[in-house]
Amino acid sequence: MPSKTEEYLALAQRTANGLTRYWESWTDYLTTASRLYKYPFADQLMIYAQRPDATACADFDIWNNRMNRYVRRGAKGIALLDESSGFPRLHYVFDVSDTGVRRNSRDPEVWQLGPDLVQPVSEMLSKTYGISGERVSQQLADVAGKLAADYWDNNGGDIRAIVDGSLLMDYDEAGVEMQFKSAAAISVTYTLLERCGIEPAGWFDKDDFQAIYNFSTPDSVYALGAAVSDMSREVLRNIERTVKTTIRRRNAERSQYEYEQQERDLLDRRGLRIKGNTTYSQEKNQLMAHLSLDIPNAQIATFIPDWNKVNQQLADGLMDEYEYKMWLEDTLKLFNVPIEDFVH
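These numbers come from a predicted model, not from an experiment.

Enquirer: When you look at helix H5 (residues 118–129) in this model, what are you seeing that I'm missing?
Expert: Spacing of three or four residues puts side chains on the same side of an α-helix, whose turn is 3.6 residues. Over its 12 residues, H5 extends 16 Å from the first C-alpha to the last, a length consistent with the 16 Å expected when each residue adds 1.5 Å. Looking at H5, one finds that the buried residues are Pro120, Val121, Ser122, Met124, Leu125 and Tyr129. Looking one or two residues beyond H5, the residue adopting positive phi is Gly130, at roughly 70°.

The following block contains the structure:
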């Protein structure tokens, strides 16, 4: 009777055997892989074989400890094959749909490429890969072609070594190169468009995927799959970084504006004016207050805490925006003289 590990090794083999037999099977796999791009090909293959609808996977400890979610009783883990030690071992991950929430649970942070984020992503693609274009979809396709060519230049020898037994044997070296670049570029393009929400189904038909049929053995499927996974992961990580950085920057700018507006409203209600400004520190990820006092009246000065100390507390995160506003309001209440004469 085969062991559990042997059963899952057989599952991986069967799935790889059928993956490139039909273009619909290959694109179904790419759709799953596009959501799970941080995993290597071997793990993507096993997840696709067991839970093709999975959206965000992690092991038990990550869900339980880092995300503060519990894995539902009876949930069946997704078996992954770990061969890093020289022999296969099983470990299990669970999809987010297998988990439940507790108080203060965290949801997986799944980015989306909305219309307002297309421009910064397009600029990133141009800067990183030297490929510009009016449409980000065409940029992604061109990036995929460039990466496929670069991948062949660096790994062509390894790919030529696994053609035995596959339909790639019908081609000479130049033909194998052309088939790989074609299959890889179209597959990476599909993966990128799918993950970015650009609906690749309307872009392609079966003729676009003719080259994948030549990868007809498990070894050749693994070679193609690993290449597509590696190239897609690189681009999608860069897109993810750009999207999240842009959102954080915009939120910081919005928070700064709202903070300054609240401060101005507070002072206007009291008929006071205060000169100064606040700026956002990317290094500290905090708002920094820049206010100065010039108080010649020692009696007034005794009523004012050390402004620099308060500013430093705000900068160090020891005081939040609400506490700072309350401190400012309470401090101004102490004055019976025009504060604008002393605050610049």
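Now, onward.
Enquirer: Would you mind going over the layout of surface pockets with me for this structure?
Expert: Any empty space left between the atoms is revealed when a probe the size of a water molecule rolls over them. Computed from the structure, the largest pocket encloses a volume of approximately 770 Å³. Lining the largest pocket are 27 residues, and of these Lys38, Ala56, Cys57, Pro108 and Glu109 sit closest to its centre. Secondary structure elements with two or more residues in the lining of the largest pocket: helix H2 (23–35), strand E1 (57–58), helix H4 (60–66), helix H7 (173–195) and helix H8 (218–269). Considering every element that reaches the lining of the largest pocket, the biggest residue donor is H4, with three residues. Residues that form the lining of the largest pocket fall into these classes: 13 nonpolar, three polar and 11 charged.

Enquirer: It is not clear to me how the packing of helix H1 (residues 4–19) against helix H3 (residues 41–50) should be interpreted in this structure. Could you clarify?
Expert: At a closest axis distance of 10 Å, the pairing of H1 and H3 adopts a crossing angle of 90°. Taken together, the axes of H1 and H3 lie roughly perpendicular to each other. On the side of H1, the interface is formed by Tyr8, Leu11, Ala12, Thr15, Ala16 and Leu19, while H3 contributes Phe41, Leu45, Met46, Tyr48, Ala49 and Gln50. Each residue belonging to the contact of H1 with H3 can be placed in one class, and the counts come to 10 nonpolar, two polar and no charged.

Enquirer: Got a minute to help me understand the sheet that holds strand E4 (residues 89–95) in this structure?
Expert: Pairing between the strands of a sheet comes from backbone hydrogen bonds, and it takes one of two forms, parallel or antiparallel. Read across the sheet, three strands follow the order E1-E4-E3 without closing on themselves; strand pairing throughout is antiparallel. Bordering the open sheet on either side are E1 and strand E3 (78–82), each of which pairs with just one other strand. Examined bridge by bridge, E3 and E4 share five bridges and lie antiparallel to one another. When the bridges of E4 are listed, Asp82 appears paired with Arg89. Running over the sheet, H1 touches E3 and E4 and is turned about 90° from E3. Each of E1 and E3 is contacted by H3, which is oriented at about 155° to E3, the strand it contacts most.

Enquirer: Hey, could you run me through the confidence of the model for the protein chain in this one?
Expert: Close inspection of predicted coordinates is inappropriate in any region flagged by low pLDDT. Chain-level pLDDT for the protein chain is 82 on average; 73% of the residues reach the 70-or-more range. Contacts of residues 333–344 to residues separated by more than four positions or lying in other chains number 22 contacts, the stretch itself having pLDDT below 50.

Enquirer: In this structure, what is going on with the environment of Glu6? I would like to understand it.
Expert: Examined against the element boundaries, Glu6 turns out to sit in helix H1. For Glu6 and Leu90, which are 84 residues apart along the polypeptide, the C-alpha to C-alpha distance reads 9.9 Å. Looking at Glu6, its side chain comes within polar contact range of the main-chain nitrogen of Ser3, at 2.8 Å.

Enquirer: How do you make sense of the pattern of salt bridges when you look at a structure like this?
Expert: Here the idea is simple: oppositely charged side chains can pair when their charged atoms come close. What the rule picks out here adds up to 12 salt bridges. With its nearest N and O atoms 2.7 Å apart, the salt bridge here joins Arg69 to Asp107. Taken together, the residues span a long stretch of sequence, with Arg69 in strand E2 (residues 69–71) and Asp107 in the loop between strand E5 (99–101) and H5 at a distance of 38 residues. Here Arg69 falls in the buried class, since its relative accessible area comes to 6%. Of the charged contacts, one joins Glu177 and Lys181 as a salt bridge, the two residues approaching to 2.7 Å between their closest N and O atoms. Of this pair, Glu177 and Lys181 both sit in helix H7, four residues apart, which is roughly one turn of the helix. Here Glu177 falls in the partly exposed class, since its relative accessible area comes to 25%. Assessed through its relative accessible area of 26%, Lys181 is described here as partly exposed. When salt bridges that share partners are traced, they join Lys38, Glu109, Glu240 and Lys244 into one network.

Parameters and conventions
- Residues numbered from 1 in each chain as written.
- Predicted model: local features only at pLDDT ≥ 70, side-chain atom pairs only at ≥ 80, totals over all residues.
- Heavy atoms only, no water.
- Helix = DSSP H or I, 4+ residues; strand = E, 2+ residues; numbered from the N terminus.
- Expected span 1.5 Å × (residues − 1).
- Buried < 20%, exposed > 50% of the residue type's maximum accessible area, 1.4 Å probe, protein only.
- 1 Å grid on protein atoms, 1.4 Å probe; cavity = no way out; pocket = protein on both sides within 12 Å on 5 of 7 lines; lining within 4 Å.
- Points joined across faces, edges and corners; volume = space filled by probe spheres on them.
- Nonpolar A, V, L, I, M, F, W, Y, C, P; charged D, E, K, R; others polar.
- Axes fitted to C-alpha atoms, helices over the stretch in contact; angles between N-to-C directions.
- Parallel < 35°, antiparallel > 145°, perpendicular 65-115°, else oblique.
- Contact = heavy atoms within 4.5 Å.
- Pairing = 2+ DSSP bridges.
- pLDDT = per-residue confidence, 0-100.
- Polar contact = N/O pair within 3.5 Å; in protein donor to acceptor, adjacent residues only side chain to side chain.
- Salt bridge = Lys/Arg side-chain N within 4 Å of Asp/Glu carboxyl O.

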